Amino acid sequence: MKKTLISQVVAGALFAVGTSASAQLSNDAVNIGVLTDLSGIYSAIEGPGAVVAAEMAVSDFGGSVLGKPINITSADTQSKADLSSSKAREMFERDNVDMIVGNVSTASALAAMEVADQMKRVALVTGAASLPITNERCNPYTVHWVYDTYALAHGTGAAVVATGKKTWFFVTADYAFGHTLERDTSEVVKAAGGEVLGSVKHPIKTTDFASYLAQAQSSGAQVIGLANAGGDTIGSIKQAAELGIMGSDQTVVPLLMFSADIQALGLQETQGMNFTVGWYWDYNESNRKFAERFMKNFKGVAPTSVQAGVYSATLNYLKAIQAVGTDDSDKVMAYLKSTPIDDGLFKGVIRKDGKFEHDMYLLQVKSPKQSKNRNDIATVARVIPAADATLPLSQSKCKLVTGS
Amino acid sequence: MFELLGVSPQAFTAQMLIGLINGSFYALLSLGLAVIFGLLNVINFTHGALYMLGAMLTWIGLTQLGYWIGMPELEVPYLVALFLAPLIVGAFSIVVEKTMLKRLYHLDHLYGLLLTFGIALVLEGLFRHWFGVLGNSYPVPDMLRGGLRVNGLFLPYYRLWVVGVALLVCFATWYFIERTKLGSLLRAGTENPRLLQALGVNVPLIITLTYGAGCALAAFAGVLAAPIYQVTAVMGSELIIVVFAVVVIGGMGSIAGSILTGLGLGIVEGLTKVFYPEASSVSIFVIMIIVLLLKPAGLFGKVR
């Protein structure tokens with residue numbers, strides 16, 4: 001009984017995919033699913049703002065494509081892999097969604113990508129950071145839009161050394177993610193002529209960082225690199241400010257950080273810090289124009305890099321459909337990977353492995369005096385060229401590149 | 001000696017001080033536990049949640065309350081919270097004691113443990129639901145910003161203040177229970193309640209107030225912690241296990257024991273972070289195992 005049900009579902013799905021190739025648009029509409037963390041730990045980074053961004057893209061595009069309507073649905077993953085997987089399936093099967101955009105947190109992004117790959121539909125990943133999304137775990141229907149951990153380690157490391165700060169000390173979370181981030185960043189620092197004076201490893205979810213920070217402080221290193229994430233990063237920064245490290249000769253550099261985290265911590269405690277993002281609202285005129293419109297729609301909060309990514313991904317997906325005259329996934333993906341992107345927010349090319357290669361930005365947090373309002377948190381200290389911020393294709397383990 | 005260990009004397013002193021600060025939190029929290037266990041025989045598992053509640057109320061008072069009641073300018077300052085949060089938590093705990101805990105006194109004290117554990121889970125769950133698990137930032141009060149620079153090491157005023165206040169409160173509590181008339185009445189009331197009741201003393205009232213005061217101490221520690229650590233729904237459950245280890249090492253119910261071991265273990269933990277940081281989260285438990293093997297009643301405890 002159960003088996004027949006599953007086979008019916010599978011057959012139905014295959015039928016839907018099969019017919020989409022011959023018809024101009026499947027279901028006589030383009031359905032877009034915003035799959036993101038609407039209520040969990042990363043909801044401030046992507047969350048409800050991503051739905052707003054996707055709606056803006058649709059209305060900027062004109063509300064219809066090839067004379068047919070564009071519909072948006074959204075679902076909450078709470079940054080959990082199991083929920084992400086089942087919601088993605090629901091979107092594809094029940095809502096006939098052609099493309100899902102969003103996916104903050106690596107685990108839920110990988111889960112949703114896998115479903116998309118099975119059903120041959122497009123998944124545009126904006127929120128999650130891990131390199132494997134377009135490396136070991138890449139698939140033909142995924143584009144990684146905003147940033148990845150390669151950019152964080154390589155971009156920030158080299159860029160900070162280039163500002164003249166050569167000696168580093170790491171405060172590292174004692175598990176695989178922290179070790180990798182420390183190792184990768186160390187390599188970059190050394191390659192750029194810097195020196196790593198040492199590191200201290202702390203257990204994950206530590207409450208008190210004073211001891212570790214005091215060690216980093218007494219090392220005399222110019223840069224204290226935080227190879228940790230989430231609560232550990234916020235805790236280290238808060239206590240670094242308290243211990244008088246901020247505003248001294250030493251700089252604290254978090255290797256994974258968002259503007260929303262800065263807003264939560266406040267400028268008093270984060271001023272002068274550097275961090276890397278894929279997009280910043282106050283960088284140029286077109287970014288600012290987009291941000292102003294976004295703020296009007298979203299409680300006056302400036303868009304994060306990830307939310308701008310949702311807008312850009314949605315808009316370019318629609319442009320691709322317009323150009324190829326169908327929503328067939330393979331044709332749309334072929335177009336996206338062959339046509340350079342320049343939409344006023346992001347500029348670059350989507351490579352074979354699905355990585356959207358574009359410039360990254362090293363930000364420096366403003367002091368409370370320099371800041372005019374709560375969205376005015378940073379200046380762009382340096383533009384990190386796309387080539388420096390992206391894993392070279394020659395080192396890729398993606399099967400679409402290696403061919404195996 | 002310091003050169004041998006690869007640590008400069010200044011760095012060593014700094015780490016001792018940092019350890020002392022965590023130690024004073026351990027001391028404050030385990031003191032409350034020791035009072036409640038020593039006098040009422042209740043293993044109070046809500047202690048971590050009440051510590052969280054103290055910090056949360058402080059944060060809510062400063063950043064949220066004004067918006068909720070439509071007066072965005074209203075801020076409950078740190079010094080007010082220092083008194084207000086323990087009062088609210090104390091009152092809440094008295095209600096818990098009167099309505100629930102009281103009914104379990106005649107049973108094995110495992111029942112009290114289970115009840116308080118349940119209440120702790122409910123409290124944590126509620127705050128997790130309302131405010132999420134992300135940390136909330138509470139600024140160091142303006143008057144305690146900055147710090148002393150001595151021999152190249154930086155001592156934030158706020159941390160010095162925490163050590164000072166915590167030690168003062170610990171000493172006052174110890175003095176009250178061990179050296180005053182009311183304190184001796186309290187101890188007598190738990191040793192022999194019937195006799196004391198016959199003498200006209202309202203024993204249930206004493207028990208209720210003791211429980212409320214012990215819980216208020218947890219909230220007080222929470223207020224002190226808010227500007228240093230992140231204010232989150234889970235901050236209590238992260239600390240409570242360590243604090244229980246402190247109480248066990250010090251000797252269940254021993255008030256002086258809980259204060260001294262709290263401070264001592266903070267320092268031990270701080271030094272582990274220098275010499276072998278990876279082990280810092282387990283060093284206290286290693287000590288607990290050794291102490292339990294050699295002295296099962298704890299360093300300062302009496303065999304009951």
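If you check an unreviewed UniProt entry, chain B appears there as Branched-chain amino acid ABC transporter permease from Orrella daihaiensis. The heading Subcellular location (unreviewed entry) in the UniProt record of chain B holds the text "Cell membrane". In UniProt, chain B has this text filed under Sequence similarities (unreviewed entry): "Belongs to the binding-protein-dependent transport system permease family. LivHM subfamily."

Going by an unreviewed UniProt entry, chain A carries the name ABC transporter substrate-binding protein and comes from Orrella daihaiensis. As stated in UniProt under Sequence similarities (unreviewed entry), the record for chain A gives "Belongs to the leucine-binding protein family."

## Let's talk about the packing of helix 5 (residues 149-162) of chain A against helix 6 (residues 176-191) of chain A
When two helices pack together, their arrangement is captured by the angle between the axes and the distance separating the axes. Residues and elements named next belong to chain A. Where helix 5 meets helix 6, the axes come as close as 8 Å, and the angle between the chain directions of the two elements is 40 degrees. On the basis of their axis angle, the class for helix 5 and helix 6 is oblique. Between helix 5 and helix 6 lies a crossing whose hand is right-handed. Along the contact surface, helix 5 presents A153, H154, G157, A158 and V161, while helix 6 presents L181, D184, T185, V188 and V189. Of the residues contributing to the contact of helix 5 with helix 6, the split by class is six nonpolar, three polar and one charged.

## Considerations on the domain arrangement of chain A
Residue and element names in this part refer to chain A. Domain annotation for chain A reports domain 1 (2-147 + 283-354) and domain 2 (152-277 + 361-386). Using only C-alpha atoms to locate each centre, domain 1 and domain 2 end up separated by 31 Å. Counting from both sides, the interface comprises 12 residues of domain 1 and, opposite them, 11 residues of domain 2. Across the domain 1/domain 2 interface, buried area totals approximately 970 Å², and carbon plus sulfur atoms make up 70% of it. Sorting the residues of domain 1 by area buried against domain 2 places I45, Y147 and Y283 first, and these three jointly supply 48% of that buried surface. Linking domain 1 with domain 2 are zero salt bridges. Remark: the boundary between domain 1 and domain 2 carries three residue pairs in polar contact (both at pLDDT 80 or more).

## Regarding the confidence of the model for chain B
When pLDDT is averaged across chain B, the result is 88; 95% of the residues are at 70 or more. Interface confidence in the predicted complex, given as ipTM, is 0.81; pTM for the same model is 0.75.

## Side note on the sheet that holds strand 8 (residues 195-202) of chain A
All names here are of chain A. One open sheet holds the four strands; their spatial order is 8-7-9-10, and the pairing between them is parallel. One side of each edge strand has no neighbouring strand; the edge strands of this open sheet are strand 8 and strand 10 (251-254). Neighbour-to-neighbour, the strand axes of the sheet open up by a mean angle of 20 degrees, direction not taken into account. Summarising the sheet, strand 7 (residues 167-173) and strand 8 pair through seven bridges and their orientation is parallel. What sits directly across from A173, in strand 8, is H202.

## With respect to the nonpolar core
Ranked by size, the top nonpolar core spans 107 residues in total, and within it A:V30, A:L124, A:W145, A:Y147 and A:Y317 carry the most contacts. Two domains each donate at least three residues to this core, and these are domain 1 (2-147 + 283-354) and domain 2 (152-277 + 361-386) of chain A. Setting aside chain neighbours within four positions, we find A:W145 in contact with A:L124, A:V125, A:T126, A:G309, A:S312, A:A313, A:N316, A:I341, A:F346, A:I350, A:F356 and A:H358. Core analysis: the second largest hydrophobic core is formed by 81 residues, B:L144, B:L186, B:L224 and B:I240 among them.

## Some remarks on the side chain of A:K355
Residues and elements named next belong to chain A. You can see K355 is positioned in the loop between strand 13 (347-350) and strand 14 (356-358). On the basis of relative accessibility, which here comes to 4%, the residue K355 falls in the buried class. Discounting chain neighbours no more than four positions away, the residues touching K355 are T134, H144, Y147, D148, V349, I350 and T390.

## Observations concerning the sheet that holds strand 1 (residues 30-36) of chain A
Residues and elements named next belong to chain A. Reading across the sheet, the six strands line up as 2-3-1-4-5-6 and stay open at both edges, with mixed pairing between neighbours. Bordering the open sheet on either side are strand 2 (64-65) and strand 6 (142-144), each of which pairs with just one other strand. Here strand 1 runs beside strand 3 (residues 68-76); their pairing, made up of seven bridges, is parallel. Its bridge partner being in strand 3, T36 is matched across the sheet by D76. Together, strand 1, strand 4 (99-102), strand 5 (122-125) and strand 6 form the strand contacts of helix 4 (residues 106-119), whose direction differs from that of strand 5 by roughly 160 degrees.

## Structural notes on the pattern of salt bridges
In this structure the tally under the stated criterion is 19 salt bridges over all chains. In this structure, A:R94 engages A:E90 in a salt bridge whose closest nitrogen and oxygen atoms are separated by 3.2 Å. Among the charged side chains, a network of salt bridges with common partners joins A:D208, A:E242, B:R159 and B:K273.

## Comments concerning the side chain of B:T46
Along the chain, B:T46 turns up in the loop between helix 2 (9-40) and helix 3 (47-63). Side chain to side chain, B:T46 and B:N44 meet in a polar contact 2.7 Å long.

## Remarks on the UniProt feature "transmembrane region" (unreviewed entry) in chain B
All names here are of chain B. Under the UniProt annotation, the feature "transmembrane region" (unreviewed entry) is placed at residues 20-43, 50-70, 76-97, 109-131, 158-177, 198-228, 240-268 and 275-294. The span residues 50-70 carries 86% helix and 0% strand; its end-to-end C-alpha distance comes to 27 Å. What you have in residues 76-97 is 91% helix and 0% strand, and the ends, taken at the C-alpha atoms, are 28 Å apart.

## Brief notes about the packing of aromatic side chains
Residues and elements named next belong to chain A. Within this structure, the stated rule accounts for 18 aromatic pairs over all chains. When the ring of F294 is compared with that of F298, the centres are 5.4 Å apart and the planes differ by 55 degrees; the resulting orientation is tilted. With relative accessibility at 0%, the residue F294 sits in the buried group. Here a set of aromatic residues connected by ring pairs shows up, and it is made of W279, F290, F294, F298 and Y311.

## Comments concerning the state of the cysteines
Here, the word disulfide means a covalent bond between the sulfur atoms of two cysteines. All names here are of chain A. Under the criterion given, the structure shown has one disulfide over all chains. A sulfur-sulfur distance of 2.0 Å marks the disulfide that ties C138 to C398. Handedness here is read from the sign of the S-S torsion; for C138 and C398, about 80 degrees, the answer is right-handed. A residue pair is termed long-range when its members are at least 10 positions apart, and C138 in the loop between strand 5 and strand 6 and C398 in the loop between helix 14 (386-389) and helix 15 (399-402) qualify at 260 residues. Summarising the burial analysis for this pair, C138 and C398 share the class buried.

## A word on the interface of chain A and chain B
Accessible area lost upon the coming together of the parts serves often as the stated size of an interface. Facing 26 residues of chain A, the contacting portion of chain B comprises 27 residues. The contact between chain A and chain B buries some 2,300 Å² in all, and 53% of this surface belongs to carbon and sulfur atoms. Per-residue buried area on chain A facing chain B is highest for A:D208, A:K238 and A:E242; these three make up 26% of the total on that side. Counting every contact that joins chain A to chain B gives three salt bridges. The salt bridge partner of A:D208 is B:K273, with a shortest N-O separation of 4.0 Å. Where chain A packs against chain B, one counts 10 residue pairs in polar contact (both at pLDDT 80 or more). Of all the elements in the fold, those that place two or more residues in the side of chain A that touches chain B are strand 8, helix 7 (210-218), helix 8 (230-242), helix 9 (259-265) and helix 10 (267-270) of chain A. A breakdown of the residues in the side of chain A that touches chain B according to their chemical character gives 10 nonpolar, nine polar and seven charged.

Each value, and the rule that gives it
- Residues numbered from 1 in each chain as written.
- Chains lettered and ligands numbered in written order.
- Predicted model: local features only at pLDDT ≥ 70, side-chain atom pairs only at ≥ 80, totals over all residues.
- Heavy atoms only, no water.
- UniProt positions renumbered as here; feature names shortened; annotations may be inferred.
- Axes fitted to C-alpha atoms, helices over the stretch in contact; angles between N-to-C directions.
- Helix = DSSP H or I, 4+ residues; strand = E, 2+ residues; numbered from the N terminus.
- Parallel < 35°, antiparallel > 145°, perpendicular 65-115°, else oblique.
- Left-handed = near helix turned anticlockwise from the far one by under 90°.
- Contact = heavy atoms within 4.5 Å.
- Nonpolar A, V, L, I, M, F, W, Y, C, P; charged D, E, K, R; others polar.
- Domains from an automatic or database assignment.
- Buried area = accessible area lost by both parts, 1.4 Å probe.
- Salt bridge = Lys/Arg side-chain N within 4 Å of Asp/Glu carboxyl O.
- Polar contact = N/O pair within 3.5 Å; in protein donor to acceptor, adjacent residues only side chain to side chain.
- pLDDT = per-residue confidence, 0-100.
- Pairing = 2+ DSSP bridges.
- Core = buried A, V, L, I, M, F, W, Y, C linked by side-chain atoms within 4.5 Å.
- Buried < 20%, exposed > 50% of the residue type's maximum accessible area, 1.4 Å probe, protein only.
- Phe/Tyr/Trp six-rings, centres within 6.5 Å; stacked < 30°, edge-to-face > 60°.
- Disulfide = S-S within 2.5 Å.

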